[in-house]
Amino acid sequence: MNSRLKKIIGSLVLLATLVAIPHFLKFHHQDLLIFLTINVLVVASYRIVTLTGEWSLIHAVMMGVGGYTATLLFKNFDLGMWFTLPLAGGVSALIAALLCFPLFRMTQFYFLIGSFAAGEAIRLVWIQYVNPFGGTGGLSGVEPPIIGGIDFLDAIPYYYLALTVVGFCLFILYRIENSRIGLTLHAVHWKAPLAESVGVDTWRYRALAFVIGSFFVGIAGALKVHYLGTITPNQFGIGFMVFILIWVIVGGYNRFYGPIIGVVVLTVFDESIRSFAEIRPAIYGAVLIISILFLPKGLESIPAKFKAWFGIGSNSDAPPLADK
Amino acid sequence: MELILQSIVNGLIQGGFFALFAVGLVLIFGVMSVVNFAHGELVMIGAYTIWLLHAQNGLAFIPAIGVAIIVVTIIGLLMERFLFRPTRDDPLAGLICSIGVLFILQVVATLIGGDGPSKQVPPPFHGTMVVFDSLRIPYQRIFSLVVSIVALSTLWYFLTRTKLGWALRAVALDREAAALQGININRISMIAIGVGGALAGLAGALMAPLTNINPHMGHNVIITAFIVTIVGGVGSLSGAVIAAVLYALFHTFVTVYFGGTLATICGLILMVVVLIVKPTGIMGVRVSE
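Only a predicted model underlies this, so the values are computations on that prediction, with no experimental measurement involved.

J.: Help me understand the overall build of chain A, please; the structure alone is not making it clear to me.
T.: Scanning chain A from N- to C-terminus turns up 14 helices and 4 strands. Taken over C-alpha atoms, the radius of gyration comes to 20 Å for chain A, in line with the 20 Å a tight globule of 324 residues would show. By its C-alpha atoms, chain A is 55 × 50 × 40 Å across when sized along the principal axes. Across the 324 residues in chain A, those meeting the buried criterion constitute 53%. Counting only contacts in chain A whose residues sit at least 6 apart along the sequence, the fraction spanning at least 24 positions is 78%. Per element, the accessible surface of chain A, about 15,000 Å² overall, is 68% carbon and sulfur.

J.: Would you mind going over the packing of helix H2 (residues 27-50) of chain A against helix H10 (residues 202-228) of chain A with me for this structure?
T.: Each packed pair of helices is defined by two parameters, the angle between the axes and the distance between the axes. Residues and elements named next belong to chain A. Following both chains from N to C, one finds H2 and H10 inclined at 170°, their axes separated by 7 Å at the closest point. The angle between H2 and H10 falls in the class roughly antiparallel. Of the residues in H10, those in contact with Asp-31, Ile-34, Phe-35, Ile-38, Leu-41, Val-42, Ser-45, Ile-48 and Val-49 of H2 are Ala-209, Phe-210, Ile-212, Gly-213, Phe-216, Val-217, Ile-219, Ala-220, Leu-223, Lys-224, Tyr-227 and Leu-228. Here the contact of H2 with H10 is built from residues that sort into 17 nonpolar, 2 polar and 2 charged.

J.: How do you make sense of the confidence of the model for chain B when you look at a structure like this?
T.: Low-confidence regions, as indicated by low pLDDT, have predicted coordinates that should not be scrutinised in detail. On average, residues of chain B score 86 in pLDDT, and 98% of them reach the 70 mark or higher. Put simply, strand E1 (residues 128-131) of chain B is where chain B has its lowest mean pLDDT, 78, and helix H3 (residues 61-84) of chain B is where it has its highest, 93.

J.: What am I meant to see in the environment of Thr-17 of chain A here?
T.: All names here are of chain A. As for its position among the elements, Thr-17 is in helix H1 (residues 3-20). Overall, Thr-17 belongs to the partly exposed group, its relative accessible area being 39%. Residues Thr-17 and Ala-282 lie 265 residues apart in sequence; the distance between their C-alpha atoms is 32 Å. A polar contact of 2.5 Å, which involves the side chain of Thr-17, links it to the backbone oxygen of Val-13.

J.: Honestly, the pairing of strand E2 (residues 135-138) of chain B in this entry has me stumped. Any pointers?
T.: Remark: a regular strand shows side chains that alternate across the two faces of the sheet. All names here are of chain B. Burial of E2 is one-sided: the residues Leu-135 and Ile-137 facing one way are buried, the residues Arg-136 and Pro-138 facing the other way are not. When E1 meets E2, the two strands line up antiparallel, connected through 4 bridges. The residue bridging Val-130 from the neighbouring strand is Arg-136, located in E2. The turn joining E1 and E2, which pair antiparallel and follow one another in sequence, is formed by 3 residues; a positive phi near 50° is taken by Phe-132.

J.: Honestly, the pattern of salt bridges in this entry has me stumped. Any pointers?
T.: Once the charged atoms of two side chains with opposite charge are near each other, the side chains can pair. Residues and elements named next belong to chain B. Applying the stated rule across the entire model yields 7 salt bridges over all chains. Glu-80 is the partner of Arg-85 in a salt bridge, and the nearest nitrogen-oxygen pair spans 3.4 Å. Here Glu-80 falls in the buried class, since its relative accessible area comes to 0%. Salt bridges here are not isolated pairs; linked through shared partners, they connect Glu-80, Arg-85 and Arg-88.

J.: What is the right way to read the side chain of Arg-88 of chain B from this model?
T.: All names here are of chain B. Within the secondary structure, Arg-88 is located in the loop between H3 and helix H4 (91-113). At 3.0 Å, the side chain of Arg-88 forms a polar contact with the side chain of Asn-186. Residues contacting Arg-88, with those up to four places away along its chain left out, are Glu-80, Arg-175, Ile-185, Asn-186 and Ser-189.

J.: In this structure, what is going on with the interface of chain A and chain B? I would like to understand it.
T.: Where the parts come together, the accessible area they lose is often given as the size of the interface. With 37 residues of chain A in contact, the opposing surface of chain B contributes 35 residues. Summed over the shared surface of chain A and chain B, the result is 0 salt bridges. Run the count over chain A and chain B and you get 0 residue pairs in polar contact (both at pLDDT 80 or more). Elements represented by at least two residues in the side of chain A that touches chain B include exactly helix H5 (108-128), helix H11 (238-251) and helix H13 (280-294) of chain A.

J.: Got a minute to help me understand the packing of aromatic side chains in this structure?
T.: Both the distance between ring centres and the angle between the ring planes are used here to describe each pair of aromatic rings. All names here are of chain B. Throughout the structure, instances matching the rule amount to 28 aromatic pairs over all chains. Geometrically, the ring pair formed by Tyr-48 and Trp-51 is edge-to-face, given 6.0 Å between the ring centres and 70° between the ring planes. On the criterion of helical spacing, the pair formed by Tyr-48 and Trp-51 is a turn pair, its members being 3 residues apart in helix H2 (residues 39-56). Look at Trp-51 and you get buried, because its relative accessible area is 9%. Across from the ring centre of Phe-82, 5.7 Å away, lies the NZ or CZ of Arg-81, which sits over that ring. Sitting above the plane of the Trp-51 ring, Lys-119 keeps its charged end 5.5 Å from the centroid.

J.: I'm lost on helix H6 (residues 163-173) of chain B in this one. Help?
T.: Along an α-helix, a turn takes 3.6 residues, which lines up residues three or four apart on a common side. Residue and element names in this part refer to chain B. Inspection of H6 places Gly-165, Ala-167, Leu-168 and Val-171 among the buried residues, and these make up the whole buried set. Looking down the long axis of H6, one finds its buried residues gathered within 160° of arc, a one-sided arrangement. Of the exposed residues in H6, those oriented more than 90 degrees away from the buried face are Lys-163 and Leu-173. If you follow the buried residues of H6, they end up packed against helix H1 (2-32), helix H5 (139-161), helix H7 (175-180) and helix H8 (185-207).

J.: Explain a nonpolar patch on the surface to me, please; I cannot follow it from the model alone.
T.: Residue and element names in this part refer to chain B. Together, Leu-3, Ile-4, Ile-8, Leu-12, Val-256, Tyr-257 and Phe-258 give the surface a local cluster of nonpolar side chains, amounting to about 630 Å² of exposed area. Elements that contribute at least two residues to the nonpolar patch include exactly H1 and helix H10 (237-258). Top contributing element to the nonpolar patch by residue count: H1, with 4 residues. Note that Phe-258 resides in helix H10.

J.: Sorry, what's going on with the environment of Leu-52 of chain B here?
T.: Residues and elements named next belong to chain B. Along the polypeptide, Leu-52 turns up in helix H2. Note: C-alpha distance between Leu-52 and Lys-119 (67 residues apart in sequence) is 10.0 Å. The residues touching Leu-52, leaving out its near neighbours within four places in the chain, are Asn-57 and Ile-112.

J.: Explain the confidence of the model for chain A here, please?
T.: Residues and elements named next belong to chain A. Considering every residue of chain A, the mean pLDDT works out to 84; 94% of them sit at 70 or more. Within chain A, the element-level pLDDT minimum falls on strand E2 (residues 146-147), averaging 66, and the maximum on helix H3 (residues 59-77), averaging 92. pLDDT under 50 marks residues 320-324. Its contacts with residues more than four places away, or in other chains, come to 8 contacts.

J.: Got a minute to help me understand the side chain of His-226 of chain A in this structure?
T.: Residue and element names in this part refer to chain A. Along the chain, His-226 falls in helix H10. Judged by its relative accessible area of 0%, His-226 is buried. In this structure the side chain of His-226 is engaged in a polar contact, spanning 2.8 Å, whose partner is the side chain of Thr-84. With residues up to four places along the chain from it excluded, the contact list for His-226 reads Ala-70, Phe-74, Met-81, Thr-84, Val-142, Glu-143, Pro-144 and Tyr-158.

J.: How do you make sense of the environment of Ala-93 of chain A when you look at a structure like this?
T.: Residues and elements named next belong to chain A. Looking at the secondary structure, you find Ala-93 in helix H4 (residues 81-103). The class of Ala-93 is buried, set by a relative accessible area of 12%. Taking the C-alpha atoms as reference, Ala-93 lies 8.3 Å from Phe-210; in sequence the two are 117 residues apart. Apart from the residues lying within four places of it in its own chain, the contact partners of Ala-93 are Val-211, Ser-214 and Phe-215.

Calculation criteria
Residues numbered from 1 in each chain as written. Chains lettered and ligands numbered in written order. Predicted model: local features only at pLDDT ≥ 70, side-chain atom pairs only at ≥ 80, totals over all residues. Heavy atoms only, no water. Helix = DSSP H or I, 4+ residues; strand = E, 2+ residues; numbered from the N terminus. Rg over C-alpha atoms; globule rule 2.2 N^0.38 Å. Buried < 20%, exposed > 50% of the residue type's maximum accessible area, 1.4 Å probe, protein only. Contact = heavy atoms within 4.5 Å. Areas by Shrake-Rupley, 256 points an atom, 1.4 Å probe, with all protein chains shown as cover. Axes fitted to C-alpha atoms, helices over the stretch in contact; angles between N-to-C directions. Parallel < 35°, antiparallel > 145°, perpendicular 65-115°, else oblique. Nonpolar A, V, L, I, M, F, W, Y, C, P; charged D, E, K, R; others polar. pLDDT = per-residue confidence, 0-100. Polar contact = N/O pair within 3.5 Å; in protein donor to acceptor, adjacent residues only side chain to side chain. Pairing = 2+ DSSP bridges. Salt bridge = Lys/Arg side-chain N within 4 Å of Asp/Glu carboxyl O. Phe/Tyr/Trp six-rings, centres within 6.5 Å; stacked < 30°, edge-to-face > 60°. Lys NZ or Arg CZ within 6 Å of the ring centre and 35° of its normal. Arc of directions from axis to C-beta. Patch = residues over 30% accessible without salt bridge, like charges linked within 9 Å, V, L, I, M, F, W, Y side chains within 5 Å.

Here's what the structure looks like:
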């Protein structure tokens, strides 16, 4: 069996599983599945920002920008979801583009703190200005679309809708990462001086990655608010940002699918410890620390480690161009 | 006029707290180059210790402060030994580990104090000092201010007049060169996080009677500490103290006239502006690679 055939069969099995899953779940879990699908887009879009080696703390807030854009467009202009999704992404990307000018004058630690400050300032603006953002209580009354007689308020149709949108976005993100732009982003991370010396404008590529990531997370924000119906500033606080970081780091950020594995595994894990209620965050914290100390390359590095132990195949742990 | 004077006094007292925890954050970042995201939670644990020992179990206030300092210092030392030391080559890993600690400490606080409303600690020092007939300063706040000043002066003496303090500053300047001179980096790191933890514990203990205590109070603390650290210049202790006092005055005035949320927004914008215009802060020194 050649590898091409294997890939096609693998994709078909994956697709069939994804389509079948909601029919075997209880209502509460169907809800969770939709949020998981949306969070997959959140982490995949965050990965494109981190490709250049800069870890921002504003990604959760950019998701909120998308969510608020969709909410305000829906409520004030009665725009349907097919307009709010791309516009939410567009506004997130626009705000990200404006923020590039102050933020990308910094790198490393300063960028981390600067992005945190900018995000917190945006979030506090939502709290401070009750009109139009609704203050701490946020806004409500956003509805999912009704297309061809199918009411997407129900969990299963909305799941398929979210799956389609997220799948399409993942495909684009994957293509971007493997395009010339994606390779340049890798180069900017691992060999910045060399990249500059051959004429790559590293500032521009850092900014580009940030804008692309913000565009897709804005779409994720709109997807979420259309299902949930309400939006509050606290959904996008540092708490959620930390979860994004945990998903990406526990999953492993050297490969495209690492963060996706992270969010799926940790969401299932989180659900399985639901009975521990109030100590759940502590368990999460412990898992985070343990994975940093003992599995610094994330869950996705486990197969490669096994292979290395048993001497099968080459040790392909290192990301492309990772020889810093 | 009265309002202005009162605000200045309140701002100065607030500045004392800000300086206590910001200086700790600067010390830890300077010596270990790790951003301790759990620093706000260290302050929170200090406040919880006071609530548990003083307000709930009747231990006198001053011994309770001592216990709070010891508890938080031990947490800090454990963090250095088991989290920051193994991840020293990777600053991001240290940061992520401190976020893990943040979650754990918040749960510990919830388990100790329950989920309910914020806790209050009745001020152990009663009475109010009245100056010029109109300016009223509760003795509790005066006590906090005096203790903050004493603690910061002691730290200044330690860093500038003792051999250990010099060693600590040498490590902050250049870790490898310091190691080559025979300075034990592990020991200095323990001292840095010990001092930082002690100051955070003290800040939490002093704040306890003046604020609402809940498991999430660390959030505002860390935001303030970041603003103060950046405005003061990363790595500059005197800058952090000056920035703490200035920012506290600024924050108090904006809060009095426009509200607390807007004050924080202004602070964050101020921080971004400083990062752009003068990334070295008011007292920082340009460091070349």
